[in-house]
Structures are given as C-alpha cells and as structure tokens.
Amino acid sequence: MPAPDLETIANLSKKRGFVFPASEIYGGLRSSWDYGPLGAELLRNIREAWWKAMVLDRSDIVGLDSSILQSRQVWVASGHEESFTDPLVECSNCNSRHRFDKLEDVDQCPNCGERGTLGEPRAFHLMLKTFLGPVEDDAAVTYLRPETAQGIFINYENVRRTARLRLPFGIAQIGKAFRNEITPGQFVFRTREFEQMEMEFFCRAEDADEWHRFWLEARMQWYLDLGMHPDRLRLRPHDPDELAHYAAATSDVEYEFPWGWDELEGIANRTDFDLRAHSEASGEDLRYYDQEADERFYPYVIEPAAGVTRSAFAFLIDAYEEEEVRGETRVVLKLHPRLAPVKVAVLPLSKKDELVEVTEEVAALLRPHWPIEVDVTQSIGRRYRRQDEIGTPYCVTIDFDTLDDRAVTVRDRDTMEQDRVAIDGVAPHLADKFAATL
Ligand code: GAP
C-alpha cells in the first residue's frame, strides 16, 4: 500500500491521542505540537530504542544530559551566531515569507502564485534568542540551543576524563532543540521546538572516513530493525553547497514522506572543527593526548544526528495500513512491537461483573511486564478496531467460556489469528511472542 497522506496521519494522531496542536484552545501555534498519552509513549519508545542501540549495547559510547541554556560564547565559538541562517525571501504581492533553498521555482511565489514578486534572499537567523537574568541587555543574551551537539563538545574533556575513555569513543545525548524555522510545517516534520538524538563519535583523522561509512550503515540498519519499509529509505550524500559550516561531508538518511524524499537524519563528518573552535575560544586545551605515541591532536568527529519527533512521524506514516476485511476497511498501525505505545489490550467480551473481575485479574498479571490498556466499553469489534488503529500488537479477550476453562483468547494485530491460552500461561505466552520480534 502507498504511504498515507499527511491529513490522514494528522487526523488519526489527533483522534487517538498521539499528537495535539500546541495551544489549541487559543487557536494553535502551527510550529509546535503536544504529544498525548500515546504520543508520549511512542516518543519514549523511540528514545529507548536509540539509547539501547547507541549507548547500552556498545562499550565505546557513553551518555550525557547537558543544559539547554549555555553561555552565549558557546554559540559564538561554534559559528552558530554568525552562520546559522537560512536564506529568506519575501513576496511583495502577498507578503508571505519562504525559504529560498526550498522553492520549487525561484521565480514564483508558492503562496499567491505571482511571478517576479520574490525579493532578494537574505540571511535569516535561526537561533531563538533569550535573556538570562532580570536585565534584558546585551550582556544577558543567550540562545535556546539549536542542536544538542554543542553540549557534548563543551563537556568533551569532562566526560573523557571521568569515564576514562580512549579513542575511538562516542558521547550520546537526547534532548530538546529549538530553531526559529521560517516555514515550519508538514505536521510535526519541521517545528520550532523539537527533540534530537545525537552522538558525537571521536576518532583519529585518518580513521574518520571509515567511521563515517560505519555509522551510515549502522543508522540505516536501526530504522530497518524497527520495521521501516526498506523501499522508503535511502542514503543521500550532500552536494558541497549544501554542507553545514562545520562539515566536510554529510549524508542524510532520507524517508519517502507523502510529499517526497526528505531528511530523517544527517550523518556528518564534522572534522576537528568544534573541538578546535572551543579550544581556541575558551583557552582550554581540548586536544587528545595519545600516551603511546606521545602526541597531542584534535580528534575528528562523526555525528549521526536524528530527530525523535521526526522519527515518530516517519514511523507513524510507515506503519499505517488500510486493509479490506470482510467487506470493511480495517485501519491498522503495524508499528514494531518495541515502538507500540500499548503492548497488550485486555478486553472483556461484555461489561458483566463476573467478566470484569477476571479482566482485572488478567490485567494484574500483565501490568508488571508491559504498558497495557483495559477497555470495557463498546462492542468487541469496535474495541479491536481502536486497538488496531493505535498499533497494539496483542489483544487478550475474556469471554464467558473463560469462567469455565480459565483460558483467554490472544489476538494478533497483524494476522488477526487467535490462540486460546490458559490464564496462568498468558504472560509467558506473550513474552515469547515479544521476544521473537526483537
Ligand atoms: N547537530 C547536527 C544537526 O543538528 P540537523 O540535520 O540540522 O543536524 C539533525 O538536525 C536532525 O534533527 C534532523 O535530521 C531532523 O531529524 C531533526 N530536526 C532538525 N530540525 C528540525 C525541525 N525544525 N523540526 C523537527 N526536527 C528537526
């Protein structure tokens, strides 16, 4: 089935409680979104899958949680204050503003369609400025971080020393980032507040190309392991004129979004730009000392930089399917079980007290192991449909036979096959099923 359109995903997200417009009761912000109960779980599962792959499963990478607010000097030294801009053009006919580098036709306003009305591109600064302390003067200026990466560079020596790391090694971080995007949009794809998962991998300059290739492959594999359609993923190397001010080479992992191929993650060779820049600006020697060779040098950095919120969006699109079942359309989110917000739904066939009692008993057996949902309202068909739409891998149904045989029905989201399983064996049965998907 082709990918669903944007509106279908946005509607499902709102209807089921994945994503709501920020400040909705005041008309919405368009550039920010709030994540509801299911969205919060989905984001948490994405973070956990990334952290496991990048930190817990590796002996050469450690984690960090640095501040959003840092000294302004960080952004001066990193080059962001001077160079972190997008080219902005304004239409003299309808006054709309656009990113020059994203225009399909540089001569035509995408808003009103007029030709020859777009002015000269000018550099528009993307960092969100703020003031620290009670006085709003120049000395109090700093920025909300536009990337989590700088928090890693400025802590490089603290982490290296305390974790006793030797090259090559990596430092990983997940956290919020902020950009005053000219054209936020396409639902949660481009927002002004978003969340990143970034890892800076420090290595010798002569090994940088090899590590770059390694991380390109590893990061593609991460999306595939979480069930993404291989034909909707590709790697695209940047043209030289696209490269960020710090990068010698970058390739994007791209996903085929409803509007076409677009960036999911960037994997850059940042050379020794950042450590060198912070050394020079701060006066702290951030060179690495190799005892055996008795030499000091600035390590090179390979950086896989992904978005939590953007990945969540891509996983939702990728999982969405519509199927014909007995003459009806079944909407199902075939999310990988590791990403599914609810792992198991426990559903009594009717609201009768004796069934609800057993439902609570089964729920108590499952709750210590997985996020579960107990749903006693509406017809069983409608409840299955709701669980399919939110991607719940298994439904456990308690029926009137359960009262006699102490067994329940386990329904598989993808195949809709049903197994009869003893109540005492239902947790191990589901544990086996989940283990088989890892
Ligand atoms: N430290 C490098 C860096 O920040 P980037 O390509 O600008 O690189 C990395 O950002 C990832 O962060 C992107 O691939 C995307 O997933 C996410 N991202 C960037 N800007 C975003 C925005 N405005 N809204 C949502 N996600 C964004």
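Preceding this section is the structure that the text describes.
Residues numbered from 1 in each chain as written. Predicted model: local features only at pLDDT ≥ 70, side-chain atom pairs only at ≥ 80, totals over all residues. Heavy atoms only, no water.

**A closer look at the overall build of the protein**
And then number 1: What the protein contains, in helices and strands, is 13 helices and 23 strands.
And then number 2: Projected onto its principal axes, the C-alpha positions of the protein cover 75 × 65 × 50 Å.
And then number 3: Taking all 438 residues of the protein together, 50% fall into the buried category.
And then number 4: Excluding contacts between residues fewer than 6 apart, the proportion of contacts in the protein whose partners are at least 24 apart in sequence is 64%. (Helix = DSSP H or I, 4+ residues; strand = E, 2+ residues; numbered from the N terminus. Buried < 20%, exposed > 50% of the residue type's maximum accessible area, 1.4 Å probe, protein only. Contact = heavy atoms within 4.5 Å.)

**Let's talk about the nonpolar core**
And then number 1: Ranked by size, the top nonpolar core spans 54 residues in total, and within it Ile46, Trp215, Trp222, Tyr223, Leu264 and Phe315 carry the most contacts.
And then number 2: For Phe315, the residues in contact, after removing those within four places along its chain, are Ile46, Trp222, Tyr223, Leu226, Met228, Leu335 and Leu339.
And then number 3: If you look at the next biggest cluster of nonpolar residues, it comprises 20 residues, including Val362, Trp370, Val410 and Ala427. (Core = buried A, V, L, I, M, F, W, Y, C linked by side-chain atoms within 4.5 Å.)

**Some words on the sheet that holds strand E22 (residues 407-412)**
One key point about sheets: their strands pair by backbone hydrogen bonds, in either a parallel or an antiparallel sense.
And then number 1: Here five strands make up an open sheet; going across it, the order is E20-E19-E21-E22-E23 and the pairing mixed. Each having just a single partner strand, strand E20 (372-374) and strand E23 (418-422) make up the two edges of the open sheet. Taken pair by pair, the neighbouring strands of this sheet meet at an average axis angle of 25 degrees, ignoring direction.
And then number 2: Where strand E19 (residues 344-348) and E20 come together, three bridges link them in parallel fashion. In the strand pairing of E20, Val346 is matched with Val374.
And then number 3: Across the sheet, helix H10 (residues 353-366) is in contact with E19, E20, strand E21 (394-398) and E22; its angle to E19 comes to roughly 165 degrees. (Pairing = 2+ DSSP bridges. Axes fitted to C-alpha atoms, helices over the stretch in contact; angles between N-to-C directions.)

**Quick look at the packing of aromatic side chains**
And then number 1: The final tally for this structure, using the stated rule, is 23 aromatic pairs.
And then number 2: Judged by centre distance (6.3 Å) and plane angle (25 degrees), the ring pair of Trp259 and Phe313 falls under stacked. Of this pair, Trp259 sits in the loop between strand E12 (249-257) and strand E13 (260-271) while Phe313 sits in helix H9 (residues 308-319), placing them 54 residues apart in sequence.
And then number 3: In this structure Trp259 comes out as partly exposed when scored by relative accessible area, which is 30%.
And then number 4: We classify Phe313 as buried; its relative accessible area is 1%. (Phe/Tyr/Trp six-rings, centres within 6.5 Å; stacked < 30°, edge-to-face > 60°.)

**Side note on the sheet that holds E13**
And then number 1: Pairing is mixed in the open sheet, where seven strands are placed in the order E3-E9-E10-E16-E13-E12-E11. Taken across any chain shown, the strands that pair with only one partner, and hence form the sheet edges, are strand E3 (61-64) and strand E11 (233-237). Averaged over all pairs of adjacent strands, the angle between strand axes in this sheet comes to 25 degrees, irrespective of strand direction.
And then number 2: Of the strand pairs in this sheet, E12 and E13 are connected by nine bridges, and their pairing is antiparallel. Opposite Thr250, over in E13, you have Ala268 as the bridge partner.
And then number 3: Strands E3, strand E9 (169-178), strand E10 (193-203) and strand E16 (300-307) of the sheet are contacted by helix H2 (residues 37-56), whose axis makes an angle of about 160 degrees with E9.

**Focus on the site of the ligand**
And then number 1: Inspection of the region around the ligand gives 21 residues, with Glu147, Arg179, Glu181, Glu198 and Glu263 positioned closest.
And then number 2: For the ligand, a nitrogen atom lies 2.8 Å from a polar atom in the backbone of Thr191.
And then number 3: Residue Gln196 places a side-chain N or O atom 3.0 Å away from an oxygen atom belonging to the ligand.
And then number 4: For the ligand, whose unbound accessible area comes to 560 Å², protein coverage reaches 91%.
And then number 5: Of all the elements in the fold, those that place two or more residues in the shell around the ligand are E10, E13 and E16.
And then number 6: Sort the elements by how many residues they give to the shell around the ligand and E13 lands first, with five residues.
And then number 7: Here the shell around the ligand is composed, by residue class, of seven nonpolar, four polar and ten charged. (Near = heavy atom within 4 Å. Polar contact = N/O pair within 3.5 Å; in protein donor to acceptor, adjacent residues only side chain to side chain. Areas by Shrake-Rupley, 256 points an atom, 1.4 Å probe, with all protein chains shown as cover. Nonpolar A, V, L, I, M, F, W, Y, C, P; charged D, E, K, R; others polar.)

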